[in-house]
Amino acid sequence: MPSRSPRATTIDERLVVELIDSGSREHYADAALYDYEYRRRRADVTFYRELATKRLGGPGRILELGAGSGRVTIPLARDGHDVVAVDQSKAMIARLRSRAENLPGVARSRIKVVEGDLCTFSAPPPKVPLVIAAFNVLEHLYTRGELAACLARVTAHLAPGGAFAFDVQMPDLAWLVRDPDRRWAKTRFTDPSTGRAMFYSTNHDYDPVNQIVTIRLYYDPVDGKGGSRVIKLTQRKYFPAELEALVAAAGFRVVGRFGDFFWAPLDGAAESQVLVVERAETTPKPRRKPTRQR
Ligand SMILES: C[S@@+](CC[C@H](N)C(=O)[O-])C[C@H]1O[C@@H](n2cnc3c(N)ncnc32)[C@H](O)[C@@H]1O
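Conventions used here
Residues numbered from 1 in each chain as written. Predicted model: local features only at pLDDT ≥ 70, side-chain atom pairs only at ≥ 80, totals over all residues. Helix = DSSP H or I, 4+ residues; strand = E, 2+ residues; numbered from the N terminus. Buried ≥ 20, exposed ≤ 12 C-beta atoms within 10 Å, placed from the backbone. Contact = placed C-beta atoms within 7 Å. Near = placed C-beta within 6 Å. Nonpolar A, V, L, I, M, F, W, Y, C, P; charged D, E, K, R; others polar. Pairing = 2+ DSSP bridges. Axes fitted to C-alpha atoms, helices over the stretch in contact; angles between N-to-C directions. Core = buried A, V, L, I, M, F, W, Y, C linked by C-beta atoms within 7 Å.

Asks: How should I be thinking about the overall build of the chain in this particular structure?
Replies: When you go through the chain residue by residue, the secondary structure sums to nine helices and eleven strands. Within the chain, buried positions represent 32% of all 294 residues.

Asks: Whenever I open this one, the environment of Ala197 confuses me. Can you help?
Replies: Relative to the helices and strands, Ala197 is located in strand E7 (residues 197–207). Remark: the alpha-carbon pair of Ala197 and Asp223, spanning 26 residues in sequence, is separated by 7.7 Å. Excluding anything up to four places from it in sequence, Ala197 contacts Arg188, Thr190 and Val222.

Asks: Please clarify how the environment of Arg182 should be interpreted in this entry.
Replies: Examined against the element boundaries, Arg182 turns out to sit in the loop between helix H8 (173–176) and strand E6 (184–190). The exposed category is assigned to Arg182, around which 10 C-beta atoms lie within 10 Å. Each C-alpha atom of the pair Arg182 and Asn203 lies 6.6 Å from the other, and the pair is 21 residues apart in sequence.

Asks: Would you mind showing me how to read the site of the ligand here?
Replies: In the region of the ligand, 18 residues are neighbours, and Gly66, Gly68, Ser89, Phe135 and His140 sit closest. Its residues placed into classes, the shell around the ligand shows eight nonpolar, seven polar and three charged.

Asks: Looking at this structure, I do not really get the sheet that holds strand E2 (residues 82–87). What am I missing?
Replies: The strands that make up a sheet are held in pairs by hydrogen bonds between backbone atoms, and each pair lies either parallel or antiparallel. Spatially, the seven strands line up as an open sheet ordered E3-E2-E1-E4-E5-E11-E10, and their pairing is mixed. A strand with exactly one partner marks an edge of an open sheet, and here the two such strands are strand E3 (111–115) and strand E10 (252–258). Between one strand axis and the next, the sheet turns by 20° as a mean value, whatever way the strands run. In terms of strand pairing, strand E1 (residues 61–65) meets E2 through five bridges, oriented parallel. Bridge assignment links Glu64 to a residue of E2, and that residue is Ala85. Across the sheet, helix H3 (residues 43–56) lies against E1, strand E4 (128–133), strand E5 (158–169) and strand E11 (272–279), angled at about 165° from E4, the strand it touches most.

Asks: Mind showing me how you'd approach the sheet that holds strand E8 (residues 212–221) here?
Replies: Sheet architecture is open: four strands sit in the order E6-E7-E8-E9, paired in antiparallel fashion. The open sheet is flanked by E6 and strand E9 (229–236), the only strands paired with a single partner. Taking each pair of neighbouring strands and ignoring which way they run, the sheet shows an average axis angle of 25°. In terms of strand pairing, E8 meets E9 through eight bridges, oriented antiparallel. For Ile212, the partnering residue across the bridge sits in E9 and is Arg236.

Asks: Could you clarify how one ought to interpret unusual backbone geometry in this entry?
Replies: Excluding glycine, a negative phi dihedral is what most residues carry, and trans is how most peptide bonds are arranged. Residue Pro125 is joined to Pro126 through a cis peptide bond whose omega torsion reads 5°. By secondary structure assignment, the location of Pro126 is in the loop between E3 and E4. For Phe135, which is not glycine, the phi torsion reads 70° and is therefore positive. With respect to the helices and strands, Phe135 occurs in the loop between E4 and helix H7 (144–157). Accessibility expressed as a C-beta count within 10 Å gives 19 for Phe135, which makes it partly exposed. Although it is not a glycine, Ala185 sits at a positive phi angle of roughly 55°. With respect to the helices and strands, the residue Ala185 is situated in strand E6.

Asks: I'm lost on the nonpolar core in this one. Help?
Replies: Taken as a class, soluble globular proteins show a tendency for nonpolar side chains to be buried jointly. Ranked by internal contacts, the top residues of the largest apolar core, which has 59 residues, are Tyr48, Ile62, Val131, Ile132, Phe164 and Phe166. For this core, the leading source of residues is E5, giving six residues. Residues within four places of Val131 in sequence aside, it is in contact with Leu63, Leu65, Val154, His157, Leu158 and Phe164.

No statement about biological role is implied by the geometric values presented.
Below, the structure is given as structure tokens:
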């Protein structure tokens, strides 16, 4: 049962429930396969570790949204941070817990897991100086209402002067309009859980009005003896100026905007949009020059 269905009364909410909810769950049901597929993705982990050092000046408290199997959580805890990890996927959380169990006792005790939805979660106090959402997590917020609800939860958990850092993909116009009937990115791999030789391929449909892409991930056994699976992955695409306006509408101001995980500025060739935002009211206002009396 989709977790968001009880709230589905508006067109926005029905869109989320009817078309999309499975697209934020199916890809995360096999956490071992997820970790295998993204085993080479390391630059973003280094970015969030460096950001934590810059923002916190040493070990501190971090709230991580959509923490998943702990790809970023575990290195942050190893660095000495206390991390509250929020996610809705039982499979990803179980993987995170089992990884945490292999950490030395002190680092293990630094991780607290909260099973919850990005739009409604509640983490234990105190408020934190840094909230992060690594690897396209906000692309699982499919409507303006959902993003606003999530940003309100961020505000509720952020200490004064704190920052929220996240990354989403830069929309790739050529990729979005690819032929949805062809199979793309065909790759052969060995399934880490079953040991079976598999072909992976993908295609997608893009809805340009709602800016939502529905991706189909195909897993077909090489021996053709049955056991093919199609996994749905649904992502909301954010264009850069739109994203800035959406965070501003939620009371945030962009204080850093990068086009990769090496701190390069965002440009048209970027694959990711990496944003660091702060509450607008906590940013000091420029002092006005006194006006001279005539
Ligand atoms: C692309 S994964 C990123 C996981 C992790 N941050 C990483 O860097 O590997 C997206 C994560 O967001 C979680 N997620 C998606 N929609 C969610 C929702 N509505 N509430 C909570 N978690 C959600 C998924 O379960 C998944 O673990």
